[in-house]
Amino acid sequence: MTNKPSSLNNKSIVFIGFMGVGKTTIGEAVAKKLNRDFIDIDQEIEKEFQISTTEIFNIYGEKVFREKEKALISEYCKCPEKIISVGGGAFLQDEIKNLCLSECIVIYLHLSWEAWKERLDLIIDSRPVLKGRTLEETEQLFYTRQNIYASHHLKVETDQLTVDEITDRIVDLIQKTQ
Ligand SMILES: Nc1ncnc2c1ncn2[C@@H]1O[C@H](COP(=O)(O)OP(=O)(O)OP(=O)(O)O)[C@@H](O)[C@H]1O
Ligand SMILES: O=C(O)C1=C[C@@H](O)[C@@H](O)[C@H](O)C1
Ligand SMILES: [Mg+2]
């Protein structure tokens, strides 16, 4: 379902999508072009705990990570004019999903499984959710997770596009919708 917003106004923009699709990379680049503040929720969580996401999962457990994720997103999504990249699992929590959809412009970055699996080696060591899964199990997770990203305002296909090309498309899209 794509719910096109009537106006982007000064709402914050939230990037969603599966791990490794480029939310952090693209979010940062879009923020730079639009001269807006960039907030990466995973990085904010790591700053608060002063350890990596993998260590947070290992020491405190996923539940603690998810609680902090919800608290930070709830705080940031009410601020205007930010570019926010949330973690790939943030929309598992309906409260986060509903808040982002009502307060912000939610942009879903999509990558096909074929393109995504070429990127697995780049991210496997820093994403605890991917650890210990076979490729088949990861593929299953990839497709199951697409359901949680189905509610968004705008969807951007990123297959075979460079970071600069995706960034330019998104900036264009944002400026056209305004
Ligand atoms: N368009 C692209 N083409 C090629 N590589 C890319 C592209 N976008 C991102 N990457 C690379 O893919 C990897 C994952 O990107 P990134 O960390 O931005 O993903 P993410 O969506 O933020 O993941 P997570 O949800 O786990 O935080 C990085 O190594 C990044 O350099
Ligand atoms: O998809 C997920 O469940 C996650 C994605 C990452 O961005 C981090 O938020 C964390 O590794 C969990
Ligand atoms: Mg990220």
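Residues numbered from 1 in each chain as written. Chains lettered and ligands numbered in written order. Predicted model: local features only at pLDDT ≥ 70, side-chain atom pairs only at ≥ 80, totals over all residues. Heavy atoms only, no water.

K.L.:
Is there a simple way to think about the sheet that holds strand E5 (residues 154–157) in this case?
P.N.:
Across a sheet, strands are paired by hydrogen bonds formed along the backbone, either parallel or antiparallel in direction. One open sheet accounts for 5 strands, arranged E2-E3-E1-E4-E5; its pairing is parallel. Every interior strand has two partners, whereas the edge strands, strand E2 (37–40) and E5, have only one. Sheet twist, expressed as the mean angle between neighbouring strand axes with direction ignored, is 20 degrees. The pairing of strand E1 (residues 13–16) with strand E4 (residues 105–110) spans 4 bridges and is classified as parallel. Of the residues in E4, the one forming a bridge with isoleucine 16 is tyrosine 108. Sitting on the sheet, helix H2 (residues 41–49) is in contact with E2 and strand E3 (82–85), with an inclination near 70 degrees to E2. (Pairing = 2+ DSSP bridges. Helix = DSSP H or I, 4+ residues; strand = E, 2+ residues; numbered from the N terminus. Axes fitted to C-alpha atoms, helices over the stretch in contact; angles between N-to-C directions. Contact = heavy atoms within 4.5 Å.)

K.L.:
How should the site of ligand 1 be read in this particular structure?
P.N.:
As a structural note, the neighbourhood of ligand 1 is formed by 18 residues, with Gly20, Lys23, Thr24, Thr25 and Arg127 the closest of them. Glycine 22 is positioned with one of its backbone polar atoms (N or O) 3.0 Å from an oxygen atom of ligand 1. Considering ligand 1 on its own, with 640 Å² of exposed area, one finds that the protein chains cover 77% of that surface. Among the cavities detected, the one that contains ligand 1 is the largest pocket. Taken together, the elements giving at least two residues each to the shell around ligand 1 come down to helix H1 (23–34), helix H7 (120–123) and helix H9 (163–177). The dominant element in the shell around ligand 1, judged by the number of residues it contributes, is H1, at 3 residues. Residues of the shell around ligand 1, tallied by class, amount to 8 nonpolar, 6 polar and 4 charged. (Near = heavy atom within 4 Å. Polar contact = N/O pair within 3.5 Å; in protein donor to acceptor, adjacent residues only side chain to side chain. Areas by Shrake-Rupley, 256 points an atom, 1.4 Å probe, with all protein chains shown as cover. 1 Å grid on protein atoms, 1.4 Å probe; cavity = no way out; pocket = protein on both sides within 12 Å on 5 of 7 lines; lining within 4 Å. Sits in = over half its atoms within 2 Å of the grid points. Nonpolar A, V, L, I, M, F, W, Y, C, P; charged D, E, K, R; others polar.)

K.L.:
Honestly, the layout of surface pockets in this entry has me stumped. Any pointers?
P.N.:
By volume, the largest pocket is sized at about 710 Å³. As for the largest pocket, its lining consists of 41 residues, of which Met19, Gly20, Thr24, Asp42 and Arg127 are closest to the centre. Sorting elements by how many residues they give to the lining of the largest pocket places H1 first, with 4 residues. Residue classes in the lining of the largest pocket are distributed as 15 nonpolar, 15 polar and 11 charged. (Points joined across faces, edges and corners; volume = space filled by probe spheres on them.)

K.L.:
Honestly, the site of ligand 2 in this entry has me stumped. Any pointers?
P.N.:
Inspection of the region around ligand 2 gives Met19, Asp42, Thr53, Phe65, Arg66, Gly87, Gly88, Gly89, Pro128, Val129 and Arg145 as its neighbouring residues. At a separation of 2.7 Å, an oxygen atom of ligand 2 approaches a polar side-chain atom of arginine 66. With respect to ligand 2, the backbone of glycine 89 contributes an N or O atom lying 3.1 Å from an oxygen atom. Burial of ligand 2 by the surrounding chains reaches 97%, relative to a free accessible area of 310 Å². When atoms are counted within 2 Å of each cavity's grid points, the one that captures over half of ligand 2 is the largest pocket. Residues belonging to the shell around ligand 2 are distributed by class as follows: 4 nonpolar, 4 polar and 3 charged.

K.L.:
I'm lost on the environment of glutamate 103 in this one. Help?
P.N.:
Tracing the backbone through its elements, the reader meets glutamate 103 in helix H5 (residues 94–103). What makes glutamate 103 partly exposed here is its relative accessible area of 33%. Sequence-wise, glutamate 103 and serine 74 are 29 residues apart; in three dimensions their C-alpha atoms are separated by 9.7 Å. The residues touching glutamate 103, leaving out its near neighbours within four places in the chain, are Lys11, Cys77 and Lys78. (Buried < 20%, exposed > 50% of the residue type's maximum accessible area, 1.4 Å probe, protein only.)

K.L.:
Would you mind going over the UniProt feature "binding site: substrate" (unreviewed entry) in the protein chain with me for this structure?
P.N.:
Here, the residues flagged by UniProt with the feature "binding site: substrate" (unreviewed entry) are Asp42, Arg66, Gly88 and Arg145. Within this annotated set, the largest pocket is lined by Asp42, Arg66, Gly88 and Arg145. Mapped onto the secondary structure, glycine 88 falls in the loop between E3 and H5. Those residues within four positions of glycine 88 in sequence are excluded, and the remaining contacts are Gly17, Met19, Lys23, Arg145, Ile148 and Tyr149. Secondary-structure assignment places arginine 145 in helix H8 (residues 135–145). Once you skip the residues sitting within four places of it in the chain, arginine 145 turns out to touch Phe18, Met19, Arg66, Gly88, Gly89, Leu92 and Val129. (UniProt positions renumbered as here; feature names shortened; annotations may be inferred.)

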